[in-house]
Amino acid sequence: MRVTPCQAALAGAIGLNLLLLYCAWRGPGGSAPSCRPPRGVPGVTVVLRDFEDFENDLAGTARSFASLPVPVLVAAETAPYPPVPLPEGVRLLPLRPAADRPPPLAHPELHVRTRHVALVPDGTRAVPGLLERMRDALEEDAGDTRLVAAPVGATPLRCLELRLEPRAWTARYGPGAPGICRAVEGTAVLLLRTRDLFALPFPLARPVPTALFVQAAFRGWGLRLMPAAFPAARRPPFSPHGRWKAENLAENRRRRLMRDFGIKREVLADGRERWYGCGKETARCFGTVHARTPQYLLAGRWTPPCCLRALRETARHVTATLEAAGVRYWLEGGSLLGAARLGDIIPWDYDVDLGIYREDLGKCRWLAAAAAGEPVEDTEGFLWEKAAEGDFYRVHYSRSNRLHVDLWPFYPRGGVMTKDTWVGHPQDVEFPESFLRPRVPMAFAGFTAMAPNNARAFLELKFGPGAIENPEYPNPEVKRL
């Protein structure tokens, strides 16, 4: 019987689907071999990832490790430019998907068949047997060790503790205790099991050491230091342009990595801080708030630290401006609650509330301009405007960053402070003017602000008994603390 081309194509497609179903059924847990590339081969695969296209020692590093011999892979988004003459047997794995490239080339894990993998920084020279000693040290450790680090060059590695605080968007480094490392300071070769590396969501993100340490810390993995070191190549220093370019690329990579990890603040072992969140020139870190519940609360996080820093700065600026103009103000609502409870903004709050006497509006030129319907930017870049939602005012951190202080204009009527705009918040109620006669100073957000003279009674009038001692999210019906 003659088979037509259409019949042959149909038979081939059916056969391919049956093969894929068989692979899925027999899979890793079945007795037959998996259709995935095996990773049971003893040995170590060297992956070269951290290098710059424009000035590197990639050829020398690859040649040194390929002489051991071990499998060597160069992983990069695209082929290095200018082109690098890689030694025979060293494979380049482009990581960036392309429409004209078969999918497997975009998945480096399909090309690592050994049980262990070593991430080797550019400019490292191989030492016979050291990778195997690192592998043996990893397998002999019965604890939580999943990473082994060996220094590159004469400078020893410094053991660090790394504590992640996801709710506060913070990574905190400190000196490591004896036998307990979560990160290292210094240039290092990092070795781990292949299955561990490619089980990570960002296995080859750059900078490689930081990416691995943070992901390992999320999982409670330990790290072991090796005393033996790999030599560093003798290389000319970067040219001035190359150094500038490398520093800018490194900063951009680190910012992108921290964004992917949800980290907006790093506290370094020496106490310095790195910030990755919003600033004056950017938008704020969260969008429009619905039902008084910011999106980050639904994700199990609190206000990003960069936002809290901007709110503190804005609150300090606004209160100083009002005091200088003679405008009577006081801490209101959740801001007064934070001051009474913590001396600061509540960790999950997204704005600052101040009450003001309506009759004092004209004393402050920025408020007067906002009341006339004209948003105005003051001399320090804060934007004052009338709120679209009603008869109150907002002072934004900047035109770009809309973190803000709300100013609520109250006026006395029969001994009671009232106002014309009510937004339905639990604390949005009238109160006796006697709470403001006199106003008293109170610590708040790193400075001293004015507050009602009986904060507890004022807060319990607005929020109910035990408001200070019983914290709760703004809208418990949506999200409870």
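Computed from a prediction, not measured in an experiment: that's the story for all the values here. (Residues numbered from 1 in each chain as written. Predicted model: local features only at pLDDT ≥ 70, side-chain atom pairs only at ≥ 80, totals over all residues. Heavy atoms only, no water.)

Draft legend 1. View of the domain arrangement of the chain. On domain assignment, one finds that the chain holds domain 1 (44-225) and domain 2 (295-463). Each of domain 1 and domain 2 has a C-alpha centre, and these two points are 50 Å apart. Note on domain 1 versus domain 2: buried area summed over both sides is about 550 Å², and carbon and sulfur give 62% of it. For the pair domain 1 and domain 2, the number of links is zero salt bridges. There are three residue pairs in polar contact (both at pLDDT 80 or more) connecting domain 1 and domain 2. For the side of domain 1 that touches domain 2, the per-class residue count stands at three nonpolar, one polar and one charged. (Domains from an automatic or database assignment. Buried area = accessible area lost by both parts, 1.4 Å probe. Salt bridge = Lys/Arg side-chain N within 4 Å of Asp/Glu carboxyl O. Polar contact = N/O pair within 3.5 Å; in protein donor to acceptor, adjacent residues only side chain to side chain. Nonpolar A, V, L, I, M, F, W, Y, C, P; charged D, E, K, R; others polar.)

Draft legend 2. Main features of the sheet that holds strand β7 (residues 170-175). With mixed pairing, the five strands of this open sheet are ordered in space as β8-β6-β7-β11-β12. At either end of the open sheet lies a strand with only one pairing partner, and these are β8 (183-185) and β12 (273-275). Neighbouring strand axes in the sheet, compared pairwise and without regard to direction, differ in orientation by 25 degrees on average. As paired elements, β7 and strand β11 (residues 265-267) share three bridges and run parallel to each other. In the strand pairing of β11, A171 is matched with E266. (Pairing = 2+ DSSP bridges. Helix = DSSP H or I, 4+ residues; strand = E, 2+ residues; numbered from the N terminus. Axes fitted to C-alpha atoms, helices over the stretch in contact; angles between N-to-C directions.)

Draft legend 3. Representation of the layout of surface pockets within the structure. Of the pockets and cavities examined, the largest pocket occupies roughly 1300 Å³. Around the largest pocket, the lining is made up of 43 residues, and of these D50, G186, T187, P207 and P209 lie nearest the centre. Within the residue set of the lining of the largest pocket, elements represented by two or more residues are β4 (114-120), β6 (158-165), β8, β9 (188-193), α5 (208-219) and α6 (240-261). Top element by residues in the lining of the largest pocket is α6. It accounts for six residues. A per-class count over the lining of the largest pocket returns 22 nonpolar, five polar and 16 charged. Here the second largest pocket is characterised by a volume of approximately 1000 Å³. Considering the residues around the second largest pocket, the lining is formed by 39 residues, among which R292, Y350, H425, Q427 and P474 are closest to the centre. Elements with a minimum of two residues in the lining of the second largest pocket: α9 (333-342), β17 (393-396), β18 (404-413) and α11 (455-463). Taken together, the residues of the lining of the second largest pocket break down into 15 nonpolar, eight polar and 16 charged. (1 Å grid on protein atoms, 1.4 Å probe; cavity = no way out; pocket = protein on both sides within 12 Å on 5 of 7 lines; lining within 4 Å. Points joined across faces, edges and corners; volume = space filled by probe spheres on them.)

Draft legend 4. Up close: helix α8 (residues 305-325). Over its 21 residues, α8 runs 30 Å from end to end, which matches the ideal 30 Å to within 8%, given 1.5 Å per residue. Remark: G326 follows α8 within two positions and exhibits a positive phi of approximately 85 degrees. (Expected span 1.5 Å × (residues − 1).)

Draft legend 5. Expanded view of the state of the cysteines. According to the stated counting rule, one finds one disulfide in the structure shown. Across the disulfide from C159 sits C181; the S-S distance is 1.8 Å. Here C159 and C181 share a disulfide; its torsion about the S-S bond, -135 degrees, makes the bridge left-handed. Of this pair, C159 sits in strand β6 while C181 sits in the loop between β7 and β8, and the two are 22 residues apart along the sequence. Overall, the relative accessible area of 18% leaves C159 in the buried class. Free cysteine: C285, not disulfide-bonded; nearest cysteine sulfur from C306 at 3.4 Å. Judged by its relative accessible area of 1%, C306 falls in the buried class. (Disulfide = S-S within 2.5 Å. Buried < 20%, exposed > 50% of the residue type's maximum accessible area, 1.4 Å probe, protein only.)

Draft legend 6. Representation of empty space enclosed by the protein. On inspection of all chains with the given rule, the structure shows one cavity of 30 Å³ or more. The volume enclosed by the largest cavity comes to roughly 40 Å³. Along its surface, the largest cavity is lined by L164, E165, P166, W169, T170, F218, G262, I263 and R301. Its residues assigned to classes, the lining of the largest cavity comprises five nonpolar, two polar and two charged.

Draft legend 7. Molecular detail of the pattern of salt bridges. According to the stated counting rule, one finds 35 salt bridges in the structure shown. The residue R158 makes a salt bridge to E185 at a minimum N-O spacing of 3.7 Å. On the criterion of sequence distance, the pair formed by R158 in strand β6 and E185 in strand β8 is long-range, its members being 27 residues apart. Its relative accessible area of 35% is what places R158 among the partly exposed residues. Between R480 and E472 there is a salt bridge whose closest N-O contact spans 3.0 Å. With a relative accessible area of 56%, R480 lands in the exposed category. We classify E472 as partly exposed; its relative accessible area is 25%. Look at the salt bridges and you will find they share partners, linking E139, R146, R193 and D196 into a network.

Draft legend 8. Representation of helix α3 (residues 130-140). Regarding α3, the residues found buried are L130, L131, M134, A137 and L138. All buried residues of α3 fall inside an arc of 120 degrees around its axis, so they share one side. Buried-residue contacts for α3 involve β1 (41-48), α2 (58-66), β4, β5 (145-151), β9 and β10 (222-225). (Arc of directions from axis to C-beta. Contact = heavy atoms within 4.5 Å.)

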